[in-house]
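# An overview of the molecular structure
Letter by letter, the chains look like this.
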Amino acid sequence: VFSLEFVLTITYHMRPMPDAAAVPDKRSKLAVVRDFRAEGVDAVPAFGFGKVGSLLADADKKHVLADKFYFGGIASHKTVLCNELGFWVSYDSDALGFNNPNEVWENGDLDVVMIGASNIHGHCVPSDKHVASLIRNRIPKTANLGLHGGDPLVGLGVLKEFVRDRTVRHVVMVFAEGNDNSGLKKSGRNPILRQYLKPEFSQELQAS
């Protein structure tokens with residue numbers, strides 16, 4: 001099943017964009033990654049977090065693939081996100097794998113932390129136009145911890161792993177009823193994610 005999931009995901013990202021005037025750049029996501037790498041840029045494709053989360057769904061742990069469950073993307077890489085407006089959107093991930101400039105984390109304290117799914121992650125929106133970036137123009141210490149395909153349980157895990165030891169003035173969690181309800185059903189079957197409902201639980205990801 002996992003092998004089929006991998007093949008389907010790779011096939012999805014290899015498909016060209018549809019033949020439409022609104023999408024002049026018809027390269028596939030992997031083609032964009034290859035073009036970046038040909039220019040010497042260490043690029044990676046972004047993947048939907050919901051697909052990753054569903055791989056650890058067995059409550060009896062017979063098919064758990066890893067002892068730890070990491071949030072975010074690959075740290076400090078050009079990340080190719082998506083194309084809905086006629087051009088490919090990519091961003092430089094921060095040292096934790098999220099869609100932020102690294103200076104957000106410099107002094108440890110944060111004024112605003114944004115939690116949510118694709119609408120916070122910045123799906124198909126240029127890095128200077130997504131909601132956390134626009135807030136950052138007025139409030140510089142604003143961190144975007146959104147994950148495409150995430151849900152509130154995932155958001156709880158992100159908060160506990162990456163900001164629980166920081167001083168944070170405001171946490172904004174954006175909830176989308178349709179996507180987040182279905183996402184919670186998948187996360188609720190995940191033995192690692194369920195542990196975040198325990199106040200003391202942490203995977204200590206920043207220390208690993």
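Residues numbered from 1 in each chain as written. Predicted model: local features only at pLDDT ≥ 70, side-chain atom pairs only at ≥ 80, totals over all residues. Heavy atoms only, no water.

## Description of the sheet that holds strand E1 (residues 43-45)
To keep it simple, the criterion reads: DSSP-based pairing: two strands are paired if at least 2 bridges between them are found. Here a strand is any run of E in DSSP of at least two residues, a helix any run of H or I of at least four, and the numbering for each starts at the N terminus. Whenever a helix is involved, its axis is fitted only over the stretch in contact; in every case the axis is a line through C-alpha atoms, and angles between N-to-C directions fall within 0 to 180 degrees. Contacts are residue-level and defined by heavy atoms, with any inter-residue pair within 4.5 Å sufficient.
Strand order across the open sheet formed by three strands is E1-E2-E3, with mixed pairing between neighbours. Edge positions in the open sheet fall to E1 and strand E3 (89-92), since each of these has one partner strand only. Each adjacent strand pair in this sheet contributes to an overall mean axis angle of 30 degrees, direction not counted. As defined by bridge partners, E1 adjoins strand E2 (residues 78-82) across three bridges and the pair is classed as parallel. The residue bridging Ala 43 from the neighbouring strand is Lys 78, located in E2. The strands touched by helix H2 (residues 29-38) within the sheet are E1, E2 and E3, with E1 carrying the most contacts at an inclination of about 170 degrees.

## Observations concerning the packing of helix H6 (residues 152-162) against helix H7 (residues 177-187)
Stated precisely, the cut-off is as follows: Oblique is the label for every angle not falling under 35 degrees (roughly parallel), over 145 degrees (roughly antiparallel), or within 65 to 115 degrees (roughly perpendicular). Under the convention adopted here, Pro, Cys and the residues Ala, Val, Leu, Ile, Met, Phe, Trp and Tyr are nonpolar, Asp, Glu, Lys and Arg are charged, and Gly plus all remaining residues are polar.
Across the interface, H6 lies against H7 with an axial gap of 7 Å and an inter-helix angle of 70 degrees. Our classification of the angle between H6 and H7 gives roughly perpendicular. Along its contact with H6, which presents Pro 152, Leu 153 and Val 154, the element H7 presents Asp 180, Leu 184 and Ser 187. Across the contact of H6 with H7, the residue classes break down as four nonpolar, one polar and one charged.

## A closer look at the packing of aromatic side chains
Test applied: Whether two aromatic rings pair depends on their centres lying within 6.5 Å, for rings of Phe, Tyr and Trp, where Trp uses its six-membered ring; planes under 30 degrees apart make the pair stacked, over 60 edge-to-face, and the rest tilted. Relative accessible area decides the class of each residue, using a 1.4 Å probe on protein chains only: under 20% of the type maximum gives buried, over 50% gives exposed, and in between gives partly exposed.
This model, assessed by the stated rule, comprises four aromatic pairs. Between Phe 71 and Tyr 196, the aromatic rings sit 5.8 Å apart at their centres with planes inclined by 55 degrees, giving tilted as the arrangement. Here Phe 71, found in the loop between helix H3 (49-53) and E2, pairs with Tyr 196, found in the segment after helix H8 (191-194); they are 125 residues apart in sequence, far enough to count as distant. Assessed through its relative accessible area of 2%, Tyr 196 is described here as buried. A connected cluster of aromatic rings, assembled from ring pairs, spans Tyr 70, Phe 98 and Phe 162.

## Re the nonpolar core
Short version of the rule: For the purposes of this section, nonpolar cores are sets of buried Ala, Val, Leu, Ile, Met, Phe, Trp, Tyr and Cys residues that join through side-chain atoms within 4.5 Å.
Of all hydrophobic cores here, the largest spans 23 residues; its most connected members are Phe 71, Phe 98, Leu 145, Val 158 and Phe 162. The biggest single contributor to this core is H6, with five residues. The next biggest cluster of nonpolar side chains, apart from the first, holds six residues, and it includes Leu 81, Cys 82, Tyr 91 and Cys 124.

## Notes on empty space enclosed by the protein
The cut-off we apply is this: Using a 1 Å grid laid over the protein atoms alone, points where a 1.4 Å probe fits but cannot get out form a cavity; open sets with protein on both sides within 12 Å along at least 5 of 7 lines form a pocket; any residue with an atom within 4 Å of a point counts as lining. Grid points are joined across faces, edges and corners, and a volume is the space filled by probe spheres set on the points.
Per the stated rule, a full pass over the model turns up one cavity of 30 Å³ or more. Reported here for the largest cavity is a volume of approximately 40 Å³. Looking at the largest cavity, the residues that line it are Ile 115, Gly 116, Leu 145, Leu 147, Gly 150, Asp 151, Val 154, Gly 155 and Val 158. Per-element tally for the lining of the largest cavity: the top contributor is H6, with three residues. Residues belonging to the lining of the largest cavity are distributed by class as follows: five nonpolar, three polar and one charged.

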